[in-house]
Amino acid sequence: MSEARFLGIDFSGGASPWKATCSRPTVWIATLEAFRLADLRPVQKLEGDGSPFERLVALLREGRYRAAAIDAPFSLPQAHLPPGGHAELLRDIAALKMAEDRPFPRGETIVAYASKLAPIQTAKTFRQTEQMCGALARSTLWNGARPGAPFTAACLTLLGRVQRPIWPWKDAPGMLVEAFPAAQLRAWDLPNTGYGLPEEKPARARIVAALEERGLLIEPDYRKQMMASPDALDAVVAAFGGRAAANRQVKHERPASWRLEGAIAVLSCPGKAND
């Protein structure tokens, strides 16, 4: 484990992004070492045996990083948590029926689980940390257009499988951290909506240039990947959430509900790679 090594992971709750072959990968893993982007690859290109999801589990389980930040929800709204809190939630999710086409439950399965614990009052229910982060998040219990529920089911399954310390419940080397690239970009006063659209290449170029201005060394091949894929770009930005938690430079105070709902880590400082 290196104190200067951070991972950023752009995530998905869909089935196709986790297949062994994917023409347009959307799950990416970025590795920052000190002030350098040392690696950037889709989950299909991870080393090891097994499916892409299994290889990601193995990578994270090793804990060879100070923090690995994942762009996905780490918990549910507190009204929908079991009596044993977050630890029991992860055990419960592990026991749910897996989908036939992906290595985690479907969105409707986690919505049904949550509704047994408490009625879902509104179509889009948000955790306190999502309300505080400064950017529009997907609701963990929304399973309609642009659903957050599959996303949440996938991430909670991953957390339970990896068995690493999870921030903010535990701050330790090799921990997992919830990140939100849109909130991080907003904190840096950079484009944080719509930059994934094909016609928004100038917005992505501005973000990449800002990262380099903040001291991050990016090789030309990785720069091309970040320009071509907003998901690759998000993976790099997510890594700064891990740096924020590890260096205790989090922009937002932990919400009152953090022991149940968790917290999103957004870097508070101007964002230089060596901060």
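Everything that follows concerns the structure shown earlier in this document.
For every chain, the first residue of the written sequence is number 1, and numbering continues from 1 onward in sequence order. With the structure being a predicted model, the display of local features is reserved for residues of pLDDT at least 70 and the display and counting of side-chain atom pairs for 80 or more, all residues being used for whole-chain, interface and lining totals. Side-chain measures were taken over the full set of non-hydrogen atoms in the model, leaving aside hydrogen atoms and water.

Q: Describe in detail helix α8 (residues 220–228), supporting the description with residues and values.
A: A simple rule labels every residue: compare its accessible area, found with a 1.4 Å probe on the protein chains alone, to the largest value its type can have, and call it buried under 20%, exposed over 50%, or partly exposed in between. Secondary structure follows DSSP: runs of H or I at least 4 residues long count as helices, runs of E at least 2 residues long count as strands, and numbering of each begins at the N terminus. Listed as buried for α8 are Tyr-222, Met-226 and Met-227. On an axial view of α8, the arc spanned by its buried residues comes to 140 degrees, and they lie on one face. Summarising the geometry of α8, the exposed residues directed more than 90 degrees from the buried face are Pro-220, Asp-221, Lys-224 and Ala-228. In this description, contact between two residues means that some pair of their heavy atoms is separated by no more than 4.5 Å. In this structure, the buried residues of α8 make contact with β3 (36–42), α7 (201–213) and α9 (230–246). Of all possible arcs, the one meant is that of the directions from the helix axis to the C-beta atoms.

Q: Account for the packing of helix α1 (residues 52–62) against helix α5 (residues 149–162), with residues named and values stated.
A: Axes, fitted as lines to C-alpha atoms, cover a helix only where it is in contact. Angles between the N-to-C directions of the axes lie from 0 to 180 degrees. Following both chains from N to C, one finds α1 and α5 inclined at 50 degrees, their axes separated by 9 Å at the closest point. Between α1 and α5, the crossing angle belongs to the class labelled oblique. Crossing of α1 over α5 shows right-handed handedness. Note on element contacts: α5 touches α1 through Ala-154, Thr-157, Leu-158, Arg-161 and Val-162, opposite Phe-53, Glu-54, Leu-56, Val-57, Leu-60 and Arg-61. Ten residue types, Ala, Val, Leu, Ile, Met, Phe, Trp, Tyr, Cys and Pro, are classed as nonpolar, four, Asp, Glu, Lys and Arg, as charged, and the remainder, Gly among them, as polar. A breakdown of the residues in the contact of α1 with α5 according to their chemical character gives 7 nonpolar, 1 polar and 3 charged. Note that the term roughly parallel is reserved for angles under 35 degrees, roughly antiparallel for angles over 145, roughly perpendicular for angles of 65 to 115, and oblique for everything else. Note: crossing handedness is left-handed where the near helix turns anticlockwise from the far helix by less than a right angle, and right-handed where it turns clockwise.

Q: Let's hear about the packing of helix α2 (residues 85–95) against α5: which residues, and what values?
A: Running from N to C, α2 and α5 point in directions that differ by 105 degrees, and their axes come no closer than 9 Å. Judged by the inter-axis angle, α2 sits roughly perpendicular to α5. The segment α2 lies against α5, with His-86, Leu-89, Leu-90 and Ile-93 engaging Ala-153, Leu-156, Thr-157, Leu-159 and Gly-160. Here the residues of the contact of α2 with α5 are counted per class, giving 6 nonpolar, 3 polar and no charged.

Q: So what about the sheet that holds strand β5 (residues 175–178)? Which residues, and what values?
A: Reading across the sheet, the 5 strands line up as β3-β2-β1-β4-β5 and stay open at both edges, with mixed pairing between neighbours. Both outer strands of the open sheet, β3 and β5, are each paired with one neighbouring strand and no more. Strand-to-strand twist across the sheet, computed as the mean angle between neighbouring axes with direction ignored, equals 20 degrees. DSSP calls a pair of strands paired once it identifies at least 2 bridges connecting them. Here 4 bridges tie strand β4 (residues 67–71) to β5, and the two strands are oriented parallel to one another. Within β5, the position partnered with Ala-69 by the bridge is Val-177. On top of the sheet, α1 reaches β1 (5–10), β2 (28–33), β4 and β5; it is set at about 155 degrees to β1, its chief contact. The strands that α9 touches are β1, β2, β3, β4 and β5; relative to β1, the one it contacts most, it runs at about 135 degrees.

Q: Summarise the pattern of salt bridges; cite the residues concerned and give the values.
A: Any Lys or Arg side-chain nitrogen located within 4 Å of an Asp or Glu carboxyl oxygen qualifies as a salt bridge. Within the structure shown, the criterion is met by 13 salt bridges. Between Arg-36 and Glu-33 there is a salt bridge, with its nearest N and O atoms 3.2 Å apart. On the basis of relative accessible area, Glu-33 is assigned to the partly exposed category, the value being 31%. Across the pair Arg-106 and Glu-100 runs a salt bridge, and its minimum N-O distance is 3.9 Å. For Arg-106, a relative accessible area of 26% puts it in the partly exposed group.

Q: Describe unusual backbone geometry, naming the residues involved and giving the relevant values.
A: At the junction of Trp-167 and Pro-168, the peptide bond is cis and its omega measures out at 10 degrees in the coordinates. Checked against the element boundaries, Pro-168 lands in the loop between α5 and β5. One non-glycine residue, Arg-146, lies in positive phi territory at about 50 degrees. Looking at the element boundaries, Arg-146 is found in the loop between α4 (128–132) and α5.

Q: So, the environment of Arg-127: which residues are in play, and what are the values?
A: Note on placement: Arg-127 falls in the loop between α3 (107–117) and α4. Residue Arg-127 is classed as buried on the basis of its relative accessible area, which comes to 0%. On a C-alpha basis, the gap between Arg-127 and Asn-192 in space is 20 Å, while along the polypeptide they are 65 residues apart. Within 3.5 Å is the distance limit for a polar contact, defined as a pair of N or O atoms, with the added protein rule that one can donate a hydrogen and the other accept it, and that residues adjacent in sequence qualify only through two side-chain atoms. Within the local environment of Arg-127, its side chain forms a polar contact with the backbone oxygen of Glu-261, the two atoms lying 2.8 Å apart.

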